[in-house]
Amino acid sequence: MNTKRWIALVIAAAVLVISLLVNSVFSMFQSDFASSFDELMAVEASQFEENIIQDGSANSRIAVLKVDGAIQDTGQASPLFGAAGYNHQLFMEQLEQVKADDTVKAVMLTVNSPGGGVVESAEIYDEITEIQEETGKPFYVSMGAMAASGGYYIAAPADKIFVHRETLTGSIGVIMQSVNYGELAERLGIDFVTIKSGPYKDIMSPTREMTEEEMALMQEMLNDSYEGFVDIIVEGRDMPEEEVRAVADGRIMNGRQAVEANLADDIGYEEDVIEGLRNDFGLENAQVIEYGLSQSWGSLFAVKVGSLFGNDLETQLLTKLMTEYSSPRMMYLYGEK
């Protein structure tokens, strides 16, 4: 065997060894390190710190909670690829902290949301009313640019609701949407084969038209959720049912119209809401705090990865596809899903 063949054989063996080594390391990374990293990120998402907005007595505090974005539990513990949006798990933990912390005497909830899932909105509503009933802590709401549908749902039990004049709110109701591309598929020669255990198993399938019976079934479900929405406004705003139904037809309104319809109490900004809590509940010397994510390794890593991939259109579309549910679901939502 000549020298060239020996060299080729050694190179081939080296490549084989390196390939096996890389595959082994990659497998270890996937099975062990990746799972440990996921656990770490889940822990990071549940940790938050208290930021002081206004100095005052640490024994008598006003907590500021924020709902910013669609109220939807994406099932993600931490936003790995970019800046954080609304995190349902984290927000529910913040409500639990408010309930358990005796130094928190009142809460300002800021809402800037088009709404979201029926279930998530109901979870927030239930937790707020539980805090009010068990601790007596008042909730004042400051609505931002938008607090529509589910955004209004979670605000309804508040002791007072403040809006901007240009706030978009209302949109009281339930919506459920699906895309039907059956005709397009037929034009392209695509045939869908569906095997189902019952006549309604593929209800709201995107490959065929819904039947009248199916429409009736889905409408009954939406009507139940709608009635629940009306009830929480009747109770939370202490309004006659007929007065609520008069504006609970899906319409949106600005802040002035919301005040006139008794869906909000006053025009004001966040500083006005804080001042209202101080004056109404003897909290003149209260410290004002806001909950935020701790700047730990996990959150810093998320920022780095987000900057690496950038915020180009493809990344945004991919993120949207990865984080949104594909199945139709009932929503307290204004605008497109």
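Our structure's up above, just so we're on the same page.
Rules used in this analysis
Residues numbered from 1 in each chain as written. Predicted model: local features only at pLDDT ≥ 70, side-chain atom pairs only at ≥ 80, totals over all residues. Heavy atoms only, no water. Helix = DSSP H or I, 4+ residues; strand = E, 2+ residues; numbered from the N terminus. Contact = heavy atoms within 4.5 Å. Areas by Shrake-Rupley, 256 points an atom, 1.4 Å probe, with all protein chains shown as cover. Expected span 1.5 Å × (residues − 1). Pairing = 2+ DSSP bridges. Patch = residues over 30% accessible without salt bridge, like charges linked within 9 Å, V, L, I, M, F, W, Y side chains within 5 Å. Salt bridge = Lys/Arg side-chain N within 4 Å of Asp/Glu carboxyl O. Lys, Arg positive; Asp, Glu negative; His and termini not counted. Charge placed at Lys NZ, Arg CZ, Asp CG, Glu CD. Buried < 20%, exposed > 50% of the residue type's maximum accessible area, 1.4 Å probe, protein only. Phe/Tyr/Trp six-rings, centres within 6.5 Å; stacked < 30°, edge-to-face > 60°. Core = buried A, V, L, I, M, F, W, Y, C linked by side-chain atoms within 4.5 Å. Axes fitted to C-alpha atoms, helices over the stretch in contact; angles between N-to-C directions. Parallel < 35°, antiparallel > 145°, perpendicular 65-115°, else oblique. Nonpolar A, V, L, I, M, F, W, Y, C, P; charged D, E, K, R; others polar. Polar contact = N/O pair within 3.5 Å; in protein donor to acceptor, adjacent residues only side chain to side chain.

All right, on to the overall build of the protein chain then. The helix and strand tally for the protein chain stands at 11 helices and 11 strands. Considering only residue pairs separated by 6 or more positions, the protein chain has 77% of its internal contacts joining residues 24 or more positions apart. Of the roughly 19300 Å² of accessible surface on the protein chain, a fraction of 56% belongs to carbon and sulfur atoms.

Turning next to helix α6 (residues 212-237). With 26 residues, α6 should reach 38 Å at 1.5 Å per residue; the first-to-last C-alpha distance of 37 Å fits that figure. Buried residues along α6 sit against α3 (118-135), α4 (150-153), β6 (160-163), α7 (241-247) and β11 (331-333). Looking one or two residues beyond α6, the residue adopting positive phi is Asp238, at roughly 55 degrees.

Of the pairings in the sheet, the one linking strand β5 (residues 139-148) to β6 comprises 3 bridges and is parallel in character. Looking across to β6, one finds that Tyr140 is bridged to Lys160. Here 2 bridges tie β6 to strand β9 (residues 266-267), and the two strands are oriented parallel to one another. From the neighbouring strand, Val163 faces β9, where its bridge partner is Ile267.

On the surface, a cluster of negative charge is contributed by Asp266, Glu270, Glu271, Asp272, Glu275 and Glu284. For the negative patch, the element with the most residues is helix α9 (residues 270-280), which contributes 4 residues. By the secondary structure assignment, Glu271 is in helix α9.

This next bit is on the pattern of salt bridges. Considering all chains together, one arrives at 17 salt bridges under this definition. The shortest N-O distance in the salt bridge between Asp101 and Arg61 comes to 2.7 Å. One end of the pair, Asp101, is in the loop between α2 (88-100) and β3 (104-113); the other, Arg61, is in strand β2 (residues 57-68), and 40 residues separate them in sequence. Judged by its relative accessible area of 12%, Asp101 is buried. A salt bridge links Glu241 to Arg245; the nearest nitrogen and oxygen atoms lie 2.8 Å apart.

So, on to the packing of aromatic side chains. Within this structure, the stated rule accounts for 8 aromatic pairs. Ring centres of Tyr153 and Phe229 lie 5.0 Å apart, and the angle between their planes is 65 degrees; this geometry places the pair in the edge-to-face category. Pair noted here: Tyr153 is in helix α4 and Phe229 is in helix α6, with a separation of 76 residues, a long-range link. Phe229 carries the same exposure label as Tyr153, and that label is buried. Taking the centre distance of 6.0 Å and the plane angle of 50 degrees together, the rings of Tyr181 and Phe192 count as tilted.

With that out of the way, let us pick up the nonpolar core. Counting 54 residues, the largest nonpolar core has Leu95, Ile124, Ile161, Ile233 and Leu263 as its most contacted members. The element contributing the most residues to this core is α6, with 7 residues. When neighbours within four sequence positions are excluded, Ile124 is seen to be in contact with Ile71, Tyr86, His88, Phe91, Met92, Leu95 and Ile154. Counting residues in hydrophobic clusters, the runner-up holds 12 residues, among them Ile62, Met108, Tyr140 and Val273.

To characterise two packed helices, one gives the angle between the axes of the helices and the distance between these axes. Viewed as axis vectors pointing N to C, α2 and α3 meet at an angle of 5 degrees, and their least axial separation amounts to 10 Å. Relative to α3, α2 is oriented roughly parallel. Facing α2, whose interface residues are His88, Phe91, Met92, Leu95, Glu96, Val98 and Lys99, α3 presents Glu120, Glu123, Ile124, Glu127, Ile128, Glu130, Ile131, Glu134 and Thr135. For the contact of α2 with α3, the residue count by class is 7 nonpolar, 2 polar and 7 charged.

Okay, the environment of Ser149 next. By secondary structure assignment, the location of Ser149 is in the loop between β5 and α4. Overall, Ser149 belongs to the buried group, its relative accessible area being 0%. Taking C-alpha positions, Ser149 is 9.8 Å from Val118, a pair spaced 31 residues apart along the chain. Excluding its chain neighbours within four sequence positions, the residues that come into contact with Ser149 are Pro114, Gly170, Ser171, Gly173, Phe229, Tyr332, Leu333 and Tyr334. Within the structure, the side chain of Ser149 is placed 3.2 Å from the backbone oxygen of Ser171, a separation counted as a polar contact.

Turning our eyes to something else, we now look at a nonpolar patch on the surface. A cluster of nonpolar side chains, contributed by Val179, Tyr181, Leu184, Leu188, Ile190 and Phe192, occupies part of the molecular surface with about 600 Å² of accessible area. Judged by relative accessible area, Leu188 falls into the exposed class, the value being 59%.

Right, let's talk about the environment of Glu123 for a bit. Turning to its location among the elements, Glu123 is positioned in helix α3. With near-sequence residues (within four places) excluded, Glu123 lies in contact with His88 and Met92. Polar contacts involving the side chain of Glu123 include one to the side chain of His88, which spans 2.6 Å.

Attention shifts here to the side chain of Ser225. Along the chain, Ser225 turns up in helix α6. Non-local contacts of Ser225, meaning those with residues more than four positions away in its chain, are made with Val118, Val174, Met330 and Tyr332.

In short, shape yes, function no, at least from these values alone.
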